[in-house]
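Chain residues, written in single-letter form:
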Amino acid sequence: MLPIWRLQVPRVAGFKNALRKTLKRGILFFYSIGEIILDKVFHFRSPRENYVCDAAVIWCFDHRFDVVFRNFLERIYVMNPDVIKIAGGSKCLASPGNDVERDFILNQIRTSMRLHATKRVLLMAHSDCGAYGGLAAFGNDAQREADHHQRELAQATKNLLTAIPGLEVRSYFMDFEGVYDAQVSRGARSQAD
Ligand SMILES: [Zn+2]
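(A) Spatial organisation of the overall build of the protein. The number of helices and strands found in the protein is six helices and five strands. Across the protein, helices and strands are ordered from the amino to the carboxyl terminus as α-β-α-β-α-α-β-α-β-β-α.

(B) Looking closely at unusual backbone geometry. For tyrosine 77, which is not glycine, the phi torsion reads 65° and is therefore positive. Considering the arrangement of structural elements, one finds tyrosine 77 in the loop between helix H2 (66–75) and strand E2 (81–85). Among the residues examined, tyrosine 77 registers 8 C-beta atoms within 10 Å and is labelled exposed. Backbone geometry places aspartate 128, a non-glycine residue, at a positive phi of 55°.

(C) Broad picture of the nonpolar core. If you look at the biggest cluster of nonpolar residues, it comprises 31 residues, and the most contacted ones within it are Ile58, Leu93, Val121, Leu123 and Met124. Secondary structure elements with two or more residues in this core: strand E1 (55–59), H2, helix H3 (91–94), helix H4 (99–116), strand E3 (120–126), helix H5 (142–163) and strand E4 (168–175). Residues contacting leucine 123, with those up to four places away along its chain left out, are Ile58, Ser90, Leu93, Leu153, Ala156, Thr157, Val169 and Ser171.

(D) Focus on H4. With 18 residues, H4 extends 25 Å between its outermost C-alpha atoms, agreeing within 8% with the 26 Å of an ideal straight helix rising 1.5 Å per residue. Buried within H4 are the following residues: Arg102, Ile105, Ile109 and Ser112. Around the axis of H4, the buried residues are gathered within 90° of arc, so they sit on the same side. Along H4, the residues that are exposed and aim more than 90 degrees away from the buried face are Asp99, Val100, Asn107, Arg114 and Leu115. Residues of H4 that are buried make contact with E1, E2, H3 and E3. Alanine 117 sits one or two positions beyond H4 and adopts a positive phi of about 55°.

(E) Molecular detail of the sheet that holds E4. As summarised here, the arrangement of the five strands in space is E2-E1-E3-E4-E5, forming an open sheet in which the pairing is mixed. The open sheet has two edge strands, E2 and strand E5 (178–181), and neither has a second partner. The mean inter-strand angle of the sheet, taken between neighbouring strand axes irrespective of direction, is 25°. Relative to E2, E1 is paired through five bridges, and the arrangement is parallel. Paired with tryptophan 59 across the bridge in E2 is lysine 85. The strands that H5 touches are E3 and E4; relative to E4, the one it contacts most, it runs at about 160°.

(F) Fine view of the environment of alanine 94. The topology assignment puts alanine 94 in helix H3. As for alanine 94 and arginine 151, which are separated by 57 residues in sequence, their C-alpha atoms are 8.9 Å apart.

(G) The arrangement of the environment of glutamate 101 in detail. Mapped onto the elements of the fold, glutamate 101 is located in helix H4. Under the C-beta neighbour-count criterion, glutamate 101 is labelled partly exposed, with 17 such atoms within 10 Å. When the C-alpha atoms of glutamate 101 and isoleucine 86 are compared, they prove to be 9.1 Å apart, with 15 residues separating the residues in sequence. Look past the residues within four positions of glutamate 101 in its chain and what remains in contact with it is Cys92 and Pro96.

(H) Region of the structure containing the pairing of E4. In the sheet, E3 pairs with E4 via seven bridges, with the strands oriented parallel. Counted as the bridge partner of valine 121 is valine 169 from E4. Note on the crossover from E3 through H5 to E4: the handedness is right-handed. Pairing between E4 and E5: four bridges, direction antiparallel.

Reading guide: rules and limits
Think of each chain on its own: its residues are numbered from 1, step by step along the sequence as written. Per-residue local features of the predicted model are confined to residues with pLDDT of at least 70, and side-chain atom pairs are confined, for both listing and counting, to 80 or more; whole-chain, interface and lining totals are unaffected and use all residues. A run of H or I in DSSP counts as a helix once it spans at least four residues, and a run of E counts as a strand once it spans at least two, with each numbered from the N terminus. Between the buried cut of 20 or more and the exposed cut of 12 or fewer other C-beta atoms within 10 Å of a residue's own C-beta lies the partly exposed class, and all C-beta atoms are placed from the backbone. By our criterion, buried Ala, Val, Leu, Ile, Met, Phe, Trp, Tyr and Cys residues that link up through C-beta atoms within 7 Å make up a nonpolar core. By the criterion used throughout, residues are in contact when their C-beta atoms, derived from the backbone, lie within 7 Å. Here a helix's expected span is defined as the number of its residues, less one, multiplied by 1.5 Å. The directions from the helix axis to the C-beta atoms form the arc being described. Here, a strand pair is defined by DSSP locating no fewer than two bridges between the strands. Here an axis means a line fitted to C-alpha atoms, over the contact stretch when the element is a helix, while the angle between two N-to-C directions is reported on a 0 to 180 degree scale. Handedness of a crossover is defined as follows: with both strands directed away from the viewer, a clockwise route from the first strand across the helix to the second makes it right-handed.

This is how it looks when you write it as structure tokens:
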């Protein structure tokens, strides 16, 4: 004869199955009558009005630059941005790993244009970006890295305007000290520094 605890196993399993079936039936019932069964965990009122986008911004998701990024957008009066975050940011337009990355970004920009009448795009890159192998990939030479990103941003601008002509495009490079206009020539930048 089996001990009692062994006899109870099938009973427990049966109970669990029955409970699972009951819960499933309950969920299906709620869905069938269109009930929303989301559990609110945070109360906050967001504006319902649609908006015209000041600029679609192609940006990397590196969080170290998040504060300066948001402050900079405010500084240049981009209050309603459509921020498109992807590893490497503008790299996906300049030197994408594959066509899918480039097409994804282009489609996102087109969607922003369609939904929010976007006419301007900001292309951004930053120092020590993992998608480029970090600063180490440039022998820890910040100047060499900045030069490379400036060329990449110029290429990204060219590729973007070829794909979607008529956009206003600006490009910026960000390091741990600030934000730089990447369309300024190297010589002019050195004088400004
Ligand atoms: Zn990055």
